[in-house]
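Fold and contact review
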Amino acid sequence: MTTDILVPLPSYDDVEVVVPAPDAGPGNWAGAASAVLVDGVFWLTWRVRRPLTDGRGVTVVVARSEDGVCFETVTQVHRDAFGAESFERPVLVPVPGLGWRLYLSCATPGSKHWWVDSLTAPTVEDLPSGRRQVVLAGDAHTGVKDPVVTAVDDGWEMWLCCHPLDEPGQEDRMTTRRLTSPDGLTWIDRGEVLAGRPGEWDARGARVAAVLPGSPLTVLYDGRADAAANWHETTGVARWDGTRLVPDDRPPIASPHSDGAFRYAAAVALPDGRTRFYVESARPDGAHDLVTCVR
């Protein structure tokens, strides 16, 4: 499906680097970010990732900015505090009456399993010592990670990446499920809403990355054609048809460099009607920088 409805879309053109990769070369990535604009302040959280031989996702960083480009680190959380083998996408949201909540994607040591944990505190600075609660544990059949969390009229909505664990060696496959919650901690699973399409660029899996401003409900999602492209996803567009997210037929958005990765987009609606995007993007040496652009 392709429609002529105009929506803002990120691209590699004129991006600015917000957070450079922690080192040169493949496996060194800054990204998997989420962002929110609160009272004129941009809050950005991302995971710092090293190569497989050097520890994978080691920390989650939370930072603030007045202009959306130059960020000052406010706090960090290390994977050891959660007994996790790695971190993936974090999400920071303001919670009325409580302060702030940080959702964390945690890898279970020695397995392909993931779970979603959380920290809640009155201030962002207090998050590392905040109240911890497992949000979604996953199970023996499914690893869960990389949530996209938004406030809705009657509570919260989550788009959750799910990895089936039923076939050893095939755990990189992914689909997206939609969940709702009255409090952001207890979630009701509303079912699968997005999956890969056989024979297409997203055949191996599809993961919602960002909900775009406006209506109809439109999302950016990460996809890839095969297992070899794991960690090198590119970005597509899908729209809600009342039951599922239906991908556009347009080709995916990619980086022109190295592995082509252009993934984990986050979208922030600006007061002037434009949208600021943050995306994890491949650079020529194979590392991934966290970049931003406004559309």
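Just above, that's the structure.
Let me begin by describing the structure that accompanies this report. Just so we're clear, the structure is a prediction, and the values are computed from it rather than from any experiment. (Residues numbered from 1 in each chain as written. Predicted model: local features only at pLDDT ≥ 70, side-chain atom pairs only at ≥ 80, totals over all residues. Heavy atoms only, no water.)

Quick word on the sheet that holds strand β12 (residues 175-181)
Heads up, the rule is: Pairing between strands requires that DSSP locate at least two bridges from one strand to the other. Secondary structure elements follow DSSP: runs of H or I no shorter than four residues count as helices, runs of E no shorter than two count as strands, and numbering proceeds from the N terminus. Axis definition: a line fitted to C-alpha atoms, limited for helices to the stretch in contact. Angles are taken between N-to-C directions and run from 0 to 180 degrees.
Read from one edge of the open sheet, four strands run β10-β11-β12-β13, paired in antiparallel fashion. With partners counted over all chains shown, the strands left at the sheet margins are β10 (142-152) and β13 (188-194), one partner each. Strand-to-strand twist in this sheet, taken as the mean axis angle between neighbours without regard to direction, amounts to 25 degrees. With nine bridges joining them, β10 and strand β11 (residues 155-164) adopt antiparallel strand pairing.

With respect to the packing of aromatic side chains
Quick reminder of the rule: For Phe, Tyr and Trp, rings pair up if their centres lie within 6.5 Å, where Trp contributes its six-membered ring, and each pair is then called stacked (planes under 30 degrees apart), edge-to-face (over 60) or tilted (otherwise). Each residue gets one of three labels from its accessible area relative to the maximum for its type: buried under 20%, exposed over 50%, partly exposed in between, using a 1.4 Å probe on protein chains only. In our convention, an over-ring charge means Lys NZ or Arg CZ found within 6 Å of a ring centre and within 35 degrees of that ring's normal.
Under the defined criterion, the tally for this structure stands at six aromatic pairs. Summarising the aromatic geometry, the rings of phenylalanine 71 and tyrosine 278 are spaced 6.1 Å apart at their centres and angled 75 degrees between planes, so their arrangement reads as edge-to-face. Of this pair, phenylalanine 71 sits in the loop between β4 (57-65) and β5 (72-78) while tyrosine 278 sits in strand β19 (residues 275-282), and the two are 207 residues apart along the sequence. In this structure tyrosine 278 comes out as buried when scored by relative accessible area, which is 0%. The ring of tryptophan 231 has arginine 49 lying over it, and the distance from NZ or CZ to the ring centre is 5.2 Å. Residue placement shows lysine 145 over the ring face of tryptophan 114; its charged tip is 5.0 Å from the ring centre.

What about the pairing of strand β8 (residues 114-121)?
When you tally the buried positions in β8, you get eight out of eight residues, the bulk of the element. Judged by which residues are buried, β8 turns out to be covered on both faces: Trp114, Val116, Ser118 and Thr120 on one side and Trp115, Asp117, Leu119 and Ala121 on the other are all buried. Of the strand pairs in this sheet, strand β7 (residues 99-107) and β8 are connected by eight bridges, and their pairing is antiparallel. The residue bridging cysteine 106 from the neighbouring strand is tryptophan 115, located in β8. Taking the residues that link successive antiparallel strands as the turn, the β7-β8 hairpin has six residues, and the phi of glycine 110 there is positive, at about 70 degrees. Pairing geometry for β8 and strand β9 (residues 131-132), over two bridges, is antiparallel. Residue threonine 120 lies in a different strand from β9, and its bridge partner there is arginine 131.

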